[in-house]
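Notes for the structure review
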Amino acid sequence: MKGIYRISSGIAFILMLSFASSLFGRQKDVLFEDEQPLELELTTQFKSLKGSESDTVYFPTFLKYKNESGATDSVPVDVRARGNSRRAQCFFMPLWLKIPKGNSKNTPFQGNRSLKLVLPCQEWEEYEELVAKEFMAYKLYEVVSPIHFRTRRVDLTLTDQQNRRKRNYTILSFVIEDVDEVAKKHDAKKINSGIIFPHLINDTLAMKQDFFSYMIGNTDWSNTTQHNVRMLDLKQEEKHVPVPYDFDYAGFVNAPYAVPYDYLPIKSVTERLYRGVCRNPELTQWVKNDFLAKEEQFFLVLEKFKSDLSAPAYQKAKAYLLEFFEILKNEEAFQSQMISTCQEYKVGG
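As the structure is a computational prediction, the values presented were derived from the model and not from experiment.

Quick notes on the overall build of the chain
Helix and strand counts for the chain come out as 10 helices and 10 strands. Relative to a compact globule of 349 residues, whose C-alpha radius of gyration would be 20 Å, the chain shows 21 Å and is just as compact. The C-alpha extent of the chain, read off along each of the three principal axes, is 70 × 40 × 35 Å. For the chain, the accessible area works out to roughly 17300 Å², and carbon and sulfur atoms hold 50% of it. Of the side-chain charges in the chain, 46 are positive and 46 negative, and the distance between the mean point of each set is 5 Å.

Structural data, given as structure tokens:
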């Protein structure tokens, strides 16, 4: 009975969050309320961005956008590169955009002072499809949890200006809201550092995240160290809530630069590996049933954004998800490929 009570409490908490999130969604958010791709123009110096390894050095520029009348307008932004591995391997790097205080008012970015801008690794079409699939992964997680990073597709004109020479690139990209905005939305506090033990995390949301990671073939994350995961403390919940991000190393995306860690028993990121903590059977069954009940919603996400992929790439992404649901529907496969590989954890053990 005690275990069932904990599960019921967890489910009630999820339902409460979903309701609160839907109320927030009806409030005006200029940037994320519209799902149409946002047209932006950004001019910067690639050499300076790539050469600066400091997390505190930003380069000032202007971000151009179309205002409500359709005319081109701009907002000042400070830019820096993200990701050490992407600096070494890629032509384009993901960027941090910071809008100075007070400058976002009456612009599409109102209320968002800091944003991540996700760019393809290279300028070829195949790499744009990787960005499109990572964007889909964020949208897939919206089906999983009411607490997530919101995103917006961007049609970006990026100009590399070196002295008097300029080169323009038109690329598919997307922006991700800052964790401060996620925390504000849910009246929560972010946890910035420290080891996060599994028993301190909401077990229902943690397991939903575990299933999601397995679904998209993502092993590049850790709740314990907050690697590609941010933890939030919500006032109405005693335990931490995980919010994952950065899915470009997932098998669903299958980027050519993505390789699994050498200590994992897989050779390719497209091989799934369940890395979740072992939970009680009742909760495991509930989460499994929740994913099965939402199967159609997951595929509707792919259908909604299929225009960003070639027909072969779309079919391959769809097949990858279908394989996951086939595992869920086959009890023998579910036990052998997921549950048998869960990580044992005992409080104080």
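A look at the sheet that holds strand β2 (residues 59–66)
Judged by pairing direction, the barrel is mixed, and its seven strands sit side by side in the order β1-β2-β3-β4-β5-β7-β6 before closing back on the first. Shown here is a sheet whose adjacent strand axes are inclined to one another by a mean of 40°, direction ignored. The pairing of β2 with strand β3 (residues 72–81) spans eight bridges and is classified as antiparallel. Counted as the bridge partner of Y65 is D73 from β3. Along the sheet face, helix α4 (residues 125–144) touches β5 (114–118), β6 (151–162) and β7 (165–177) and points at about 15° away from the line of β7.

Some thoughts on a nonpolar patch on the surface
Together, I195, F197 and L200 make up a nonpolar patch on the protein surface, roughly 260 Å² of accessible area in all. Secondary-structure assignment places F197 in the loop between β8 (188–191) and α6 (203–215).

Quick notes on the side chain of S52
Positionally, S52 belongs in the loop between α2 (46–51) and β2. Setting aside residues up to four positions removed in sequence, S52 forms contacts with V57, F59 and R87.

Things to note about the state of the cysteines
Under the definition given, this model contains two disulfides. In this model, C90 is linked to C121 through a disulfide, with the two sulfur atoms separated by 2.0 Å. Here the S-S torsion is close to -100°, and the disulfide linking C90 with C121 is therefore left-handed. Of this pair, C90 sits in the loop between α3 (84–89) and β4 (95–98) while C121 sits in the loop between β5 and α4, and the two are 31 residues apart along the sequence. Relative accessible area serves as the criterion here: at 3%, C90 is assigned to the buried category.

A short note on the environment of R272
As for its placement among the helices and strands, R272 is situated in the loop between β10 (241–244) and α7 (281–293). For R272, a relative accessible area of 13% gives the class buried. Note: C-alpha distance between R272 and S213 (59 residues apart in sequence) is 8.9 Å. Excluding anything up to four places from it in sequence, R272 contacts Y214, M215, G217, I266, Y320, L321, E323 and F324. Here M215 takes part through its backbone oxygen, which lies 2.8 Å from a polar atom of the side chain of R272. Side-chain polar atoms of R272 contact the backbone oxygen of Y320, separated by 2.5 Å.

The rules we used
- Residues numbered from 1 in each chain as written.
- Predicted model: local features only at pLDDT ≥ 70, side-chain atom pairs only at ≥ 80, totals over all residues.
- Heavy atoms only, no water.
- Helix = DSSP H or I, 4+ residues; strand = E, 2+ residues; numbered from the N terminus.
- Rg over C-alpha atoms; globule rule 2.2 N^0.38 Å.
- Areas by Shrake-Rupley, 256 points an atom, 1.4 Å probe, with all protein chains shown as cover.
- Lys, Arg positive; Asp, Glu negative; His and termini not counted.
- Charge placed at Lys NZ, Arg CZ, Asp CG, Glu CD.
- Pairing = 2+ DSSP bridges.
- Axes fitted to C-alpha atoms, helices over the stretch in contact; angles between N-to-C directions.
- Contact = heavy atoms within 4.5 Å.
- Patch = residues over 30% accessible without salt bridge, like charges linked within 9 Å, V, L, I, M, F, W, Y side chains within 5 Å.
- Salt bridge = Lys/Arg side-chain N within 4 Å of Asp/Glu carboxyl O.
- Disulfide = S-S within 2.5 Å.
- Buried < 20%, exposed > 50% of the residue type's maximum accessible area, 1.4 Å probe, protein only.
- Polar contact = N/O pair within 3.5 Å; in protein donor to acceptor, adjacent residues only side chain to side chain.

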